[in-house]
Amino acid sequence: MNKSLKAFFIALAALVAVLVIIFLTVFVLAKQKVIFINQWFVNENRSTIGVDISAYQADVDMAKLKEQNIAFVYIKATEGSSHQDEKFAANRENAQKAGLLCGAYHFFSYDSPGSTQAQNFIKTAGDDLKGQLLPVVDVEYYGDKEQNPPAKEDVVRELTAFLKALEAHYGTKPMIYTRADIYEQYLEGFAGDYKFWISSLYTPLSWNYKGDWYLWQYLNHAKLEGYTGGEELIDLNVLNQQKDLKELIVG
């Protein structure tokens, strides 16, 4: 091997080593939630982007959100069997006035029956959701639940009761929002015929989830114009490019 060829391979090996080190460093920092890389993988100008909001965002100008390439908004309606989000009615009315496609979501509680949680949601969201986005149940950990996960059979039983009650009332299957690890713990196999909205905030979704999905929550610290008096950060979600947003509209 001549000297120039040997020097080339040495330089190539060094370059590969540097690239591997950079990749591993980025991966570790992303896993440790030090850096946020998901925006590198989402072309926000060419994708269908939406937000999810609650009373934490306080006063929301839906028209202003729409001006910033926001195509849809999911609004918190209820939590558990008795809590209603104080901004839900105003947020939904304002979204509809602005011509912004919207839907309602429920934060699932592991501490009350699924049937009474469904009653809370239906009473708050109303009887007719036609033209709105599918109702969503948000299944995630809260409090000490991640350290002390509820039994799978209990979660499946009460979540099934909730989903079936909404399906019977609205004539359509709700969508399920969750994280990849919670999906694996409780939902894989059980809920194969439901549409999924998966949260993966620190690494690309394809790195930790292989199932079908419609929405990916890829960022929880975006800053947009149009909401004042509360949390300055907002969640961003992207529609799977292989899906159509019309598939998520009731009726």
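Predicted, not measured: the structure shown is a model, and the values here were computed from it.

Let's talk about the pairing of strand E3 (residues 70-79)
Piece 1. Counting buried residues in E3 gives 8 out of 10 residues, a clear majority hidden from the surface.
Piece 2. By the bridge criterion, 5 bridges tie strand E1 (residues 49-53) to E3 in an arrangement that is parallel. Along E3, the bridge assignment pairs Gly 50 with Phe 72.
Piece 3. Here E3 pairs with strand E5 (residues 101-107) via 7 bridges, running parallel. Along E5, the bridge assignment pairs Lys 76 with Tyr 105.
Piece 4. Looking at chain direction, E3 and strand E4 (residues 83-84) are connected through 2 bridges and run antiparallel. Residue pairing for E4: Glu 79 is matched across the bridge by His 83.
Piece 5. Remark: 3 residues form the turn of the hairpin made by E3 and E4, two consecutive strands paired antiparallel; Gly 80 in that turn has positive phi of roughly 60°.

Notes on the packing of aromatic side chains
In this description, an aromatic ring pair is defined by two values, namely the gap between the centres and the angle between the planes.
Piece 1. Summed over the entire model, instances satisfying the criterion amount to 12 aromatic pairs.
Piece 2. On the numbers, 6.1 Å between centres and 75° between planes, the contact of Phe 41 with Trp 207 is edge-to-face. You can see Phe 41 sitting in the loop between helix H1 (3-31) and E1 and its partner Trp 207 sitting in the loop between strand E8 (196-199) and strand E9 (215-222), a full 166 residues away along the chain.
Piece 3. Since its relative accessible area comes to 34%, Trp 207 is described here as partly exposed.
Piece 4. Centre to centre, the rings of Tyr 177 and Trp 197 are 5.0 Å apart; their planes meet at 80°, and the pair counts as edge-to-face. Of this pair, Tyr 177 sits in strand E7 (residues 175-179) while Trp 197 is found in strand E8, placing the two residues 20 residues apart along the sequence.
Piece 5. Here the aromatic cluster, defined as three or more aromatic residues joined through ring pairs, consists of Phe 107, Phe 108, Tyr 110, Tyr 142 and Phe 162.
Piece 6. Here the guanidinium or amino end of Lys 173 rests over the ring plane of Tyr 194, the centre of that ring lying 4.7 Å away.

Thoughts on the pattern of salt bridges
Piece 1. Taken as a whole and assessed by the stated rule, the structure comprises 13 salt bridges.
Piece 2. Its salt-bridge partner being Asp 181, residue Arg 179 comes within 2.7 Å of it at the nearest N-O pair.
Piece 3. Look at Arg 179 and you get partly exposed, because its relative accessible area is 26%.
Piece 4. On the basis of relative accessible area, Asp 181 is assigned to the partly exposed category, the value being 36%.
Piece 5. Through salt bridges with shared partners, a single network forms among Glu 146, Arg 179 and Asp 181.

Quick word on the nonpolar core
Piece 1. Grouped together as the largest cluster of nonpolar side chains are 69 residues, with contacts concentrated most on Met 62, Val 73, Tyr 74, Met 175 and Leu 248.
Piece 2. If we skip the residues at most four places from it in the chain, Leu 248 touches Gln 132, Leu 133, Leu 134, Met 175, Lys 195, Tyr 214, Leu 215 and Leu 239.

Description of the side chain of Gln 132
Piece 1. If you trace the backbone, Gln 132 turns up in the loop between helix H4 (114-125) and strand E6 (136-138).
Piece 2. Ignoring any residue separated from it by four or fewer positions in sequence, one finds Gln 132 in contact with Arg 92, Gln 96, Cys 102, Leu 248, Ile 249 and Val 250.

Examining the pairing of E5
Piece 1. Extensive coverage of E5 is indicated by the burial of 7 of its 7 residues.
Piece 2. Note that E5 and E6 share 3 bridges and pair parallel. Across the sheet, the residue bridging to His 106 is Val 137, located in E6.
Piece 3. Tracing the backbone out of E5, into H4 and back to the parallel element E6 gives a crossover that is right-handed.

So, how was this worked out
Residues numbered from 1 in each chain as written. Predicted model: local features only at pLDDT ≥ 70, side-chain atom pairs only at ≥ 80, totals over all residues. Heavy atoms only, no water. Buried < 20%, exposed > 50% of the residue type's maximum accessible area, 1.4 Å probe, protein only. Helix = DSSP H or I, 4+ residues; strand = E, 2+ residues; numbered from the N terminus. Pairing = 2+ DSSP bridges. Phe/Tyr/Trp six-rings, centres within 6.5 Å; stacked < 30°, edge-to-face > 60°. Lys NZ or Arg CZ within 6 Å of the ring centre and 35° of its normal. Salt bridge = Lys/Arg side-chain N within 4 Å of Asp/Glu carboxyl O. Core = buried A, V, L, I, M, F, W, Y, C linked by side-chain atoms within 4.5 Å. Contact = heavy atoms within 4.5 Å. Right-handed = clockwise from strand over helix to strand, strands pointing away.

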